[in-house]
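# Summary of the model geometry
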Amino acid sequence: MAAAAELQGKYQKLAQEYSKLRAQNQVLKKGVVDEQANSASLKEQLKMKDQSLRKLQQEMDSLTFRNQQLAKRVELLQDELALSEARGKKNKKSAESSSQLSQEQKSVFNEDLQKKIEENERLHILFFEADEQHKRLEAELRSRLEVLETNAAQHQAVVDSLTRKYTDTIEKLQNDKAKLEIKSQTLEREAKDCRLRTEECQQQLKNLQAALGSRLEESLCIINEKVPFNDTRSNRYNALNVPLHNRRHQLKLRDLAGQALAFVQELVTALLNFHTYTEQKVQIFPIDSATDTISPLNQKFSQYLHENASYVRPLEEGMLHLFESITEDTVTVLETAVKLKAFSEHLASYLCFLRKILPYQLKSLEEECESSLCTAALRARNMELHRDMKRLTAVFEKLHTYVSLLALPSTKPEGLLRTNYNLVFTNIATGLHGFHDILKDISKHYSQKATLEQDVPTATQKLITTNDCILSSVVALTNGVGKIASFFSNNLDHFTTSLSYGPKGGTEFISPLSAECMLQYKKKAVAYMKSMKKPFADSVPYEEALANRRVLLSSTESREGLAQQVQQSLEKIAKLEQEKEHWMLEAQLAKIKLEKENQKLKNSLSGHLTETIQECSVMPNVAEQKKETTEKGLREPIKSTSLAPDVESREDLIKNHYMARIAELTSHLQLADSKSVHFHAECRALAKRLSLAEKSKESLTEELKLASQNISRLQDELMTTKRSYEDQLSMMSDHLCSMNETLTKQREEIDTLKMTSKGNSKKNKNR
């Protein structure tokens, strides 16, 4: 859905750009039309100027012709004057008489000549002005023509680029449209599937709700009938129950304790470096202990700073002991976290160390400000550090207060109410963030102080390296405290919600006694589970199983071989069934024979008994009875011996007939069963194929409808785009034709103007 939204947004952006370009195209068309109108007006002006120029040229030609006539006339008059003067020398008399007439004629000619000269001069001035004006107009028209040609070329380039852009954008839009249609179809299908799934899920949810409701009613009935006293309803009684051991909770706390231990180790190393380099700095600046004795205050301060490891190292040890106390087999809550008290004590000892060195540190900064090497800027930085050190000690006091409050429930459960746990944790988080801000200020002020101390004339390389070491330790301390603050803020919810837990369904928290009881029960449960565990039977090794699988996969038995084996097994089964029927008949016959023999034995025993009775009662008839018995005894075996082979042959015939009939029927039955199974399988396969074919037919018909709709829509769009392109091309071709015509006309006019200007220049040269 997000991809469809992005494509829709791209499509809208392209449509907006297309509309903008269309508006720009219209503006350009208007500009082209205006330029065409301007060019037409300029052409008309050029024609008017050409006409005026031609008139002036005609006037000029007439004036030149008149001037030439006057010049010839003047020459003739001059010749006549010369002749008359020559004649005058010869005929002074005649000249005197005609002098008056010649003088009058000269005066007339001179006046006429003066007028013609003035007129010629005036015409020359007019011709020069007209020529200059013509040149200016020609230059202006040429410049305007060049500007118009450049504008026309620019407009043509813009129109070509716009047409290319339009074609590209239209193609892109069509491609995007096709993609969007395909995606919309897929999304519609997915939506249908999702609807079906939601319906199924809703049905399942209803069934589950009904089943759970019935089970809830049954369980409530059982609880009400069978449970006389429910202690979970009362928080006071439920607190006496043994809670469950939360292994996940312990593992999470151990992980958090491991992260906290790593952060505390970084903090301890940074504090050790800070105090050690501060001790070196006190012995170097403002007085170097190698060249001069430092003040008693700084000696005492360096002596106290030298003892920093005995106060800082226990913090790491206390955190390590706390981490080791949190294991999988323990219950870690504030009431059972005994090692937190030791960490609080180590933090208190370090706080006492900070309180002890704070006055010396402040006095050392004041003494540094009073030295002659300290400038005003360095003094300001020292005072800022003076305030920062006070704030640092106050933050440590605040953190120690809250950590000692957290350690109270393990020693004095009544010292801290459980409702205040959340408040204490939030205050620790705010205190850590404040600690981080103070260290940022200290880092900034130390860096400024180090740059100022480098400019001091007595600054040595040892002082510069010590300042760099202090800055690096302060930066490391800032980063470590920032990590601790972010870690505590991110896991604040876990600390507040899971540090104390109790029995299921209760609001009371766990106590140390119930924790011990819970651990004892856990050990008993683990021992019971170990005793209940039985060793698993030996299985095939994995490698051997893989080898057997490869052998099975690489076997050459085909489907036909397996079918033959199945056929052989079926034949063996049929034979075995026949033998079974045969032996069942044999057993029945043997049973019948046994019953007959038993009957004969009973009859013989009864006969012997009657004979003994008769012998006792009547002795004379003994001989006759003996004879009769002997005769009977002789007759009976003779009968049995004669009838025995007939009976056996008859039984054999009957048995063989029925055995053959049974074999035939069993074979027919097996064939019918196999055929029915085969036909049933084929029918099921055909039914499945038919259903799949119908489904594919329905889907194909839908796709065909959609494809036909898309084809018709695309054809309409193609027609519209074709028409628009044809209209645009016709307009562009008309415009190009008009522009070509204007260009040819302008070129012709320019050529004519060039020719006229060349003719005028030649005439001027001839003059």
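The model shown is predicted, which means the values in this text are computed figures rather than measured ones.

Looking only at helices and strands, one finds 15 helices and 0 strands in the chain. Taking all 767 residues of the chain together, 25% fall into the buried category. Here the contacts in the chain between residues at least 6 apart in sequence split such that 86% fall between residues at least 24 apart. Summed over all atoms, the accessible surface of the chain reaches about 53,900 Å², with 57% contributed by carbon and sulfur.

What follows concerns the nonpolar core. Judged by nonpolar contacts, the single largest core of 70 residues is most densely connected at Tyr 350, Leu 392, Phe 396, Phe 435, Ile 442, Tyr 446 and Phe 488. Of all the secondary-structure elements, those providing two or more residues to this core are helix 4 (247-284), helix 5 (296-305), helix 6 (309-325), helix 7 (339-370), helix 8 (376-411), helix 9 (421-454), helix 10 (461-490) and helix 11 (492-498). The biggest single contributor to this core is helix 4, with 14 residues.

Contact geometry of helix 8 with helix 9 gives a least axis separation of 9 Å together with a crossing angle of 160 degrees. In terms of their interaxial angle, helix 8 and helix 9 are classed as roughly antiparallel. Considering the relative orientation of helix 8 and helix 9, their crossing is left-handed. Taken together, the residues of the contact of helix 8 with helix 9 sort by class into 23 nonpolar, 5 polar and 7 charged.

The N-to-C vectors of helix 6 and helix 7 enclose an angle of 165 degrees; their axes lie 8 Å apart at closest approach. Relative to helix 7, helix 6 is oriented roughly antiparallel. Two packed elements cross with a definite hand, and for helix 6 against helix 7 that hand is left-handed. Facing helix 6, whose interface residues are Tyr 311, Val 312, Pro 314, Leu 315, Gly 318, Met 319, His 321, Leu 322 and Ser 325, helix 7 presents Lys 339, Leu 340, Phe 343, His 346, Leu 347, Ser 349, Tyr 350, Phe 353 and Lys 356. Looking at side-chain class alone, the contact of helix 6 with helix 7 contains 11 nonpolar, 5 polar and 2 charged residues.

Turning next to the environment of Thr 293. By the secondary structure assignment, Thr 293 is in the loop between helix 4 and helix 5. Linking Thr 293 and Gln 283, residues 10 residues apart in sequence, is a C-alpha distance of 9.1 Å.

On to the pattern of salt bridges. Overall, the coordinates contain 17 salt bridges when judged by the stated rule. For Glu 266, the salt bridge goes to Lys 483, with nearest N and O atoms at 3.7 Å. Here Glu 266, found in helix 4, pairs with Lys 483, found in helix 10; they are 217 residues apart in sequence, far enough to count as distant. The partner of Arg 391 in a salt bridge is Asp 441, with the nearest N and O atoms 3.4 Å apart.

Moving on: a nonpolar patch on the surface. A cluster of nonpolar side chains, contributed by Leu 216, Leu 220 and Ile 223, occupies part of the molecular surface with about 260 Å² of accessible area. Relative to the helices and strands, Leu 220 is located in helix 2 (residues 92-226).

Time to look at the packing of aromatic side chains. Taken as a whole and assessed by the stated rule, the structure comprises 8 aromatic pairs. Aromatic pair Tyr 311 and Phe 353: ring centres 4.8 Å apart, planes at 20 degrees, arrangement stacked. Of this pair, Tyr 311 sits in helix 6 while Phe 353 sits in helix 7, and the two are 42 residues apart along the sequence. We classify Tyr 311 as partly exposed; its relative accessible area is 21%. On the numbers, 6.1 Å between centres and 35 degrees between planes, the contact of Tyr 350 with Phe 353 is tilted. On the criterion of helical spacing, the pair formed by Tyr 350 and Phe 353 is a turn pair, its members being 3 residues apart in helix 7. Accessibility expressed as a relative area gives 0% for Phe 353, which makes it buried. Grouping aromatic residues by their ring pairs yields a cluster made of Tyr 311, Tyr 350, Phe 353, Phe 396 and Phe 435.

A separate point is the environment of Thr 496. Summarising the element assignment, Thr 496 is placed in helix 11. C-alpha separation for the pair Thr 496 and Asn 422, spaced 74 residues apart in sequence, amounts to 5.4 Å. Contact partners of Thr 496, with chain neighbours within four places excluded, come to Asn 422 and Phe 425.

Bringing the confidence of the model for the chain into the picture now. The predicted model of the chain averages 76 in pLDDT, with 81% of residues at 70 or higher. When pLDDT is averaged over each element of the chain, helix 10 comes out on top at 87 and helix 3 (residues 235-238) at the bottom at 60.

It is worth spelling out a positive patch on the surface at this point. A surface patch of like charges, here positive, comprises Lys 10, Lys 13, Lys 179 and Lys 183. Listing elements by their share of the positive patch, those giving two or more residues are helix 1 (2-90) and helix 2.

What follows is about the side chain of Gln 361. Mapping Gln 361 onto the fold places it in helix 7. Relative accessible area serves as the criterion here: at 11%, Gln 361 is assigned to the buried category.

Rules of the game
Residues numbered from 1 in each chain as written. Predicted model: local features only at pLDDT ≥ 70, side-chain atom pairs only at ≥ 80, totals over all residues. Heavy atoms only, no water. Helix = DSSP H or I, 4+ residues; strand = E, 2+ residues; numbered from the N terminus. Buried < 20%, exposed > 50% of the residue type's maximum accessible area, 1.4 Å probe, protein only. Contact = heavy atoms within 4.5 Å. Areas by Shrake-Rupley, 256 points an atom, 1.4 Å probe, with all protein chains shown as cover. Core = buried A, V, L, I, M, F, W, Y, C linked by side-chain atoms within 4.5 Å. Axes fitted to C-alpha atoms, helices over the stretch in contact; angles between N-to-C directions. Parallel < 35°, antiparallel > 145°, perpendicular 65-115°, else oblique. Left-handed = near helix turned anticlockwise from the far one by under 90°. Nonpolar A, V, L, I, M, F, W, Y, C, P; charged D, E, K, R; others polar. Salt bridge = Lys/Arg side-chain N within 4 Å of Asp/Glu carboxyl O. Patch = residues over 30% accessible without salt bridge, like charges linked within 9 Å, V, L, I, M, F, W, Y side chains within 5 Å. Phe/Tyr/Trp six-rings, centres within 6.5 Å; stacked < 30°, edge-to-face > 60°. pLDDT = per-residue confidence, 0-100. Lys, Arg positive; Asp, Glu negative; His and termini not counted. Charge placed at Lys NZ, Arg CZ, Asp CG, Glu CD.

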